[in-house]
Amino acid sequence: QEKKKYTIAIEYFKRVSVQGETPSQSFYADQHLLEIYYSDIADDNAAFDMANKLIKNGNAKAFAYFVAGAILTTRKKPDDAIPLLKKSLSLEESSRTYAQLGFCYSEIGRDDLAMLYETKAVDPNLKNYVENEITLTNLGLSHKYLKEYETALKYFDRAIEVDPEYVDAIYHKLNTLMKMDEFDE
């Protein structure tokens, strides 16, 4: 249904992408197509193709590298995603890119790097900071596994502040309190 709403815009930007009077028209059309495919209609295949086109043509901004890396992550290819996400960060810092990179590192068993990037992702001083309950919960879990229970609880509490109904954060907070024998709180 969502895709139908964007059909006219997609067709227009596709036409401008191919027939643009100037290279900048084609470039901006491709950027808009990437945004529509990834953010508006969640067409990962089209978004991945567009991101790769922008990268191949040397016209990619941070968002294109992020999209390509994020989609590779969902396709269970974290090793391929990591360089793209790092390139995205070299162009523009963003909490969601740091979080995605942390997730990739956790997928390949590099929990040390996962914690490093997830910690950067939840730094409120970051220019493009967005509070994310999933990243906060993942950080809490990392600290819980290191038996740093007080720190873990702080991250679980922050995750619950972002989304009071986020079941994973609630579960892991309760589980951590049980490990600390402080479940009564």
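Residues numbered from 1 in each chain as written. Predicted model: local features only at pLDDT ≥ 70, side-chain atom pairs only at ≥ 80, totals over all residues. Heavy atoms only, no water.

### Side note on the layout of surface pockets
Okay, step 1: Size it by volume and the largest pocket reaches roughly 250 Å³.
Okay, step 2: If you go around the largest pocket, you meet 13 residues; those closest to its centre are Ala-99, Gln-100, Phe-103, Ile-134 and Thr-135.
Okay, step 3: When contributions to the lining of the largest pocket are tallied by element, the ones reaching two or more residues are helix 4 (62-74), helix 6 (95-107) and helix 8 (133-145).
Okay, step 4: Broken down by element, the lining of the largest pocket gets its largest block of residues, 4 residues, from helix 6.
Okay, step 5: Per-class residue counts for the lining of the largest pocket are 4 nonpolar, 6 polar and 3 charged. (1 Å grid on protein atoms, 1.4 Å probe; cavity = no way out; pocket = protein on both sides within 12 Å on 5 of 7 lines; lining within 4 Å. Points joined across faces, edges and corners; volume = space filled by probe spheres on them. Helix = DSSP H or I, 4+ residues; strand = E, 2+ residues; numbered from the N terminus. Nonpolar A, V, L, I, M, F, W, Y, C, P; charged D, E, K, R; others polar.)

### Digging into the nonpolar core
It is characteristic of soluble globular proteins that their nonpolar side chains tend to be buried jointly.
Okay, step 1: Core analysis: the largest hydrophobic core is formed by 40 residues, its most contacted members being Leu-34, Tyr-37, Leu-54, Val-67 and Leu-101.
Okay, step 2: Elements with a minimum of two residues in this core: helix 1 (2-19), helix 2 (23-40), helix 3 (44-56), helix 4, helix 5 (78-91), helix 6 and helix 7 (111-121).
Okay, step 3: By residue number, the principal contributor to this core is helix 4, which donates 9 residues. (Core = buried A, V, L, I, M, F, W, Y, C linked by side-chain atoms within 4.5 Å. Buried < 20%, exposed > 50% of the residue type's maximum accessible area, 1.4 Å probe, protein only.)

### A few points about the side chain of Gln-31
Okay, step 1: Positionally, Gln-31 belongs in helix 2.
Okay, step 2: The contacts of Gln-31, once residues within four sequence positions are left out, are Leu-54, Asn-59 and Lys-61. (Contact = heavy atoms within 4.5 Å.)

### Quick notes on the packing of helix 8 against helix 9 (residues 149-162)
In a packed pair of helices, the relevant descriptors are the angle between the two axes and the axis-to-axis distance.
Okay, step 1: For the pair helix 8 and helix 9, interaxial distance at closest approach is 8 Å and the crossing angle is 165°. In this view, helix 8 runs roughly antiparallel relative to helix 9, as classed from their interaxial angle. As for the relative orientation of helix 8 and helix 9, their crossing is left-handed in sense. Facing Glu-133, Leu-136, Thr-137, Leu-139, Gly-140, Leu-141, His-143 and Lys-144 of helix 8, the residues of helix 9 in contact are Tyr-149, Thr-151, Ala-152, Tyr-155, Phe-156, Arg-158, Ala-159 and Val-162.
Okay, step 2: Each residue belonging to the contact of helix 8 with helix 9 can be placed in one class, and the counts come to 9 nonpolar, 4 polar and 3 charged. (Axes fitted to C-alpha atoms, helices over the stretch in contact; angles between N-to-C directions. Parallel < 35°, antiparallel > 145°, perpendicular 65-115°, else oblique. Left-handed = near helix turned anticlockwise from the far one by under 90°.)

### Thoughts on the packing of aromatic side chains
Okay, step 1: All chains considered together, the criterion is met by 7 aromatic pairs.
Okay, step 2: For the pair Phe-27 and Tyr-28, a centre-to-centre distance of 4.9 Å together with 70° between the ring planes defines the contact as edge-to-face.
Okay, step 3: Residue Tyr-28 is classed as partly exposed on the basis of its relative accessible area, which comes to 47%.
Okay, step 4: Here the aromatic rings of Phe-63 and Phe-66 are separated by 6.5 Å at their centres, their planes lie at 25°, and the arrangement is stacked. Residue Phe-63 and its partner Phe-66 are located together in helix 4, separated by 3 residues, close to a single helical turn. (Phe/Tyr/Trp six-rings, centres within 6.5 Å; stacked < 30°, edge-to-face > 60°.)

### With respect to unusual backbone geometry
Trans peptide bonds make up most of the peptide bonds, and negative phi angles are found at most residues other than glycine.
Okay, step 1: In this structure, Ala-42 is a non-glycine residue whose phi angle is positive, near 55°.
Okay, step 2: Here Ala-42 is to be found in the loop between helix 2 and helix 3.
Okay, step 3: Among the residues examined, Ala-42 registers a relative accessible area of 57% and is labelled exposed.
Okay, step 4: A positive phi angle, near 65°, is found at Lys-147, a position not held by glycine.
Okay, step 5: Among the secondary structure elements, Lys-147 is positioned in the loop between helix 8 and helix 9.
Okay, step 6: Exposure remark for Lys-147: the relative accessible area of 61% places this residue in the exposed category.

### Quick word on helix 7
Okay, step 1: Within the sequence span of helix 7, burial applies to Ala-114, Met-115, Tyr-117, Glu-118 and Ala-121.
Okay, step 2: Elements in contact with the buried residues of helix 7: helix 5, helix 6 and helix 8.

### With respect to the confidence of the model for the protein
Okay, step 1: For the protein, per-residue confidence averages 91 on the pLDDT scale, and residues scoring 70 or more make up 97% of the total.
Okay, step 2: Within the protein, the element-level pLDDT minimum falls on helix 1, averaging 84, and the maximum on helix 5, averaging 97. (pLDDT = per-residue confidence, 0-100.)

### Let's talk about the side chain of Glu-133
Okay, step 1: Relative to the elements of secondary structure, Glu-133 occurs in helix 8.
Okay, step 2: Excluding its chain neighbours within four sequence positions, the residues that come into contact with Glu-133 are Ala-159, Val-162, Asp-163 and Tyr-166.

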